[in-house]
Amino acid sequence: MNHPLSLYNTLTRTKEPFTPLESPFVGLYVCGPTVYGDAHLGHSRAGVVFDVLSRYLRYVGYKVRYVRNITDVGHLQNDADSGEDKIQKFAKAHQLEPMEVVHHFTNRYHEDLAQLNVISPDIEPRASGHIIEQIQMIEEILENGLAYVSHGSVYFDVPAYNQQHNYGKLSGRVIEDLMTNTREDLEGQEEKRSPLDFALWKKASPTHIMRWPSPWSEGFPGWHLECSAMSRKYLGTQFDIHGGGLDLMFPHHECEIAQSQASHNHTDAARYWVHNNMITMNGKKMGKSLGNFITLRELFTGEHELLQQAYSPMTVRFFVLQAHYRSTLDFSNEALQAARKGYLKVMNGLRILNQLTYPAGAENLDAKAEEEIKKLTAELFVPLNDDLNTAKSIASLFNLLKKINSMHTGGFKLETISQETFEQMRTQYRALVLDVLGLKIEQTADAQSLLEVVLGFYKEAKETKDYGKVDAIRAQLKGQGIVIKDMKTGIDWAYEE
RNA sequence: GGUAACGUGGCCGAGUGGUUAGGCAGAGCUCUGCAAAAGCUCGUACAGCGGUUCGAAUCCGCUCGUUACCUCCA
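Residues numbered from 1 in each chain as written. Chains lettered and ligands numbered in written order. Predicted model: local features only at pLDDT ≥ 70, side-chain atom pairs only at ≥ 80, totals over all residues. Heavy atoms only, no water.

A. The overall build of chain A, seen in detail. When helices and strands are tallied, chain A shows 17 helices and 15 strands. Counting only C-alpha atoms and orienting by the principal axes, one finds that chain A spans roughly 90 × 65 × 40 Å. Within chain A, residue pairs in contact and separated by at least 24 positions form 74% of the contacts whose partners lie at least 6 positions apart. Total accessible area on chain A is roughly 23,200 Å²; 50% of this is exposed by carbon and sulfur atoms. Here chain A holds 52 positive side-chain charges and 63 negative ones, and the gap between their average locations is 6 Å. (Helix = DSSP H or I, 4+ residues; strand = E, 2+ residues; numbered from the N terminus. Contact = heavy atoms within 4.5 Å. Areas by Shrake-Rupley, 256 points an atom, 1.4 Å probe, with all protein chains shown as cover. Lys, Arg positive; Asp, Glu negative; His and termini not counted. Charge placed at Lys NZ, Arg CZ, Asp CG, Glu CD.)

Right, here's the structure in full:
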């Protein structure tokens with residue numbers, strides 16, 4: 001199949017037409033979270049952006065295999081010698097098993113993303129479950145002479161690799177610059193031949209409790225390796241799209257490319273490298289290390305000193321989608337409140353659209369109106385082909401929405417457009433909002449409160465002895481499986497038994 | 001220091017040479033028992049200074065400012 005989608009490829013720094021290796025199949029790999037804490041607003045961006053990408057690819061007919069990993073073996077904290085990783089640190093502090101920690105946060109991550117209506121990936125591999133694959137890849141790199149064993153650890157030989165390949169091709173780094181700019185305070189790694197070398201396997205210190213056996217030592221796989229090993233296992237040595245946050249470009253993705261090239265893959269792994277930009281707070285990147293993050297749970301409940309109110313999951317989703325994924329997006333209460341209103345406006349439009357019925361047999365075509373609706377409808381999806389410009393698609397949505405609202409209030413006569421155009425408009429609007437942007441209706445009113453309103457009227461009707469109304473309310477509620485109970489102490493209701 | 005971006009109206013945020021982005025907030029109008037919703041209309045924009053061009057927010061240069069990566073990070 002041939003679809004005019006183009007994506008910005010970090011490898012080439014240009015927008016390129018997207019053509020899968022084996023159309024209609026698309027392999028998509030996205031770097032998932034390191035599960036040592038709750039997901040924050042920043043995480044939601046990668047989740048939502050690549051959710052929309054996979055939704056759109058499917059919408060236009062591709063068969064997508066979406067793989068997103070869970071990194072649960074921990075990353076090295078600082079220099080390798082400290083030997084303490086984030087997950088372990090957290091585990092000790094709380095007297096928990098490391099697996100207990102990662103399981104806990106994995107579950108919460110799933111819950112949070114589900115709230116955002118992010119569809120679960122097709123495969124969600126865990127680093128801890130792919131130690132064997134990672135060991136195998138290390139062996140391949142050793143066989144190819146691009147890694148070396150040192151004191152029970154294995155390091156990737158960056159200078160040697162760079163003689164055959166181009167280390168830095170993704171992030172635009174020049175190895176000579178990196179050599180001269182290596183931080184002094186990261187030294188103390190006499191095990192490594194070059195400060196640029198990175199660990200493929202790290203021998204565990206005696207106190208390190210996350211460890212696995214390997215040909216070299218009891219230890220754990222280095223950062224970067226899990227993604228190379230798992231993407232290869234489930235998508236092959238070469239696949240279509242690799243996604244992740246911009247902050248992973250270097251060194252993480254750069255190292256992934258090097259590992260894939262240096263192993264028996266001999267490829268850059270992915271053909272299109274796609275990076276989403278960061279969410280900022282007052283212009284500064286939101287991140288765990290900076291401590292300026294707001295978790296999704298805090299957003300949903302409003303429990304954070306910077307939040308003036310709670311923001312629903314769909315508000316957050318809409319907020320993310322109103323910006324292009326490659327731009328930074330600045331958080332503020334005002335921006336979230338604006339997103340909330342915008343989201344509700346779109347959903348009200350959907351509700352209206354569902355109510356509209358075309359007046360059959362009453363066609364009274366107006367060429368101009370017909371043309372206008374056709375044009376506005378056609379513009380809905382077009383921006384998505386231009387590097388997934390959801391912001392522009394949403395703008396198109398609002399433009400069409402004005403007409404839909406006019407149809408509803410009667411200013412725009414439905415019969416002036418053909419039924420075909422009407423149906424097309426309705427189908428496309430729904431498809432964009434529900435299927436591709438992945439927005440859904442959020443219940444704002446709960447049944448209990450609505451019932452209390454009805455019971456209020458019931459009580460009033462009884463007091464005024466308007467028994468016709470009393471009986472009607474009872475009958476209506478009974479139709480909903482609810483019975484009213486008049487007791488001496490007051491009015492209550494129950495589920496009909 | 002190296003590399004890469006960015007700077008759009010009160011706020012958020014599209015837009016890469018000429019046409020209304022859009023949302024929120026604000027003003028006015030229509031509709032309305034009141035209100036809401038909705039529709040219509042309106043306003044202050046493209047950091048600064050040069051340059052290229054018939055024409056630049058959009059290309060080039062310089063200045064100022066902000067950020068990201070170079071360490072774990074979506």
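B. Up close: the environment of Q95. Relative to the assigned elements, Q95 resides in the loop between α2 (86-94) and α3 (98-115). Residues Q95 and L451, 356 residues apart in the sequence, show an inter-C-alpha distance of 47 Å.

C. Focus on the sheet that holds strand β11 (residues 279-281). Across the sheet, 3 strands lie side by side as β12-β11-β13; this open sheet has mixed pairing. One side of each edge strand has no neighbouring strand; the edge strands of this open sheet are β12 (284-285) and β13 (329-331). Inspection of the sheet shows β11 paired to β13 by 3 bridges, in the parallel sense. Bridge pairing links I279 to L329 in β13. (Pairing = 2+ DSSP bridges.)

D. Structural detail: the pattern of salt bridges. Inspection of the entire model under this criterion finds 25 salt bridges. Among the salt bridges present, the one from R271 reaches D240, with a minimum N-O distance of 3.6 Å. Of this pair, R271 sits in strand β10 (residues 270-276) while D240 sits in strand β9 (residues 239-245); the two residues are 31 residues apart in sequence, bridging distant segments of the chain. Judged by relative accessible area, which is 25%, R271 ranks as partly exposed. (Salt bridge = Lys/Arg side-chain N within 4 Å of Asp/Glu carboxyl O. Buried < 20%, exposed > 50% of the residue type's maximum accessible area, 1.4 Å probe, protein only.)

E. Examining the packing of helix α4 (residues 131-143) against helix α8 (residues 249-262) more closely. At a minimum axis separation of 8 Å, α4 and α8 run at an interaxial angle of 65°. Compared by their axis directions, α4 and α8 come out roughly perpendicular. Contacts between α4 and α8 involve M137, E140 and I141 from the first element and Q259, S260 and A262 from the second. Looking at side-chain class alone, the contact of α4 with α8 contains 3 nonpolar, 2 polar and 1 charged residues. (Axes fitted to C-alpha atoms, helices over the stretch in contact; angles between N-to-C directions. Parallel < 35°, antiparallel > 145°, perpendicular 65-115°, else oblique. Nonpolar A, V, L, I, M, F, W, Y, C, P; charged D, E, K, R; others polar.)

F. Representation of helix α14 (residues 390-409) in the model. For α14, which comprises 20 residues, the first-to-last C-alpha distance of 28 Å matches the rise-based estimate of 28 Å (1.5 Å per residue) to within 8%. Within α14, the full set of buried residues consists of T390, S393, I394, S396, L397, L400, L401, I404 and M407. Among the structural elements, α1 (41-59), α10 (313-321), α11 (333-355), α12 (367-378), α13 (382-385) and α15 (419-436) are those in contact with the buried residues of α14. Just past α14, the residue G410 takes up positive phi, approximately 100°. (Expected span 1.5 Å × (residues − 1).)

G. Molecular detail of the nonpolar core. In terms of nonpolar packing, the biggest core is built from 135 residues, with I241, L299, F331 and Y429 touching the most fellow members. If we ignore the near neighbours within four places in the chain, the residues touching F331 are L41, I279, T280, M281, M286, I294, L299, L307, F319 and L336. In this structure, L455, V470, L477 and W493 belong to the second largest nonpolar core, which totals 10 residues. (Core = buried A, V, L, I, M, F, W, Y, C linked by side-chain atoms within 4.5 Å.)

By themselves, these are just geometric observations and shouldn't be taken as functional.
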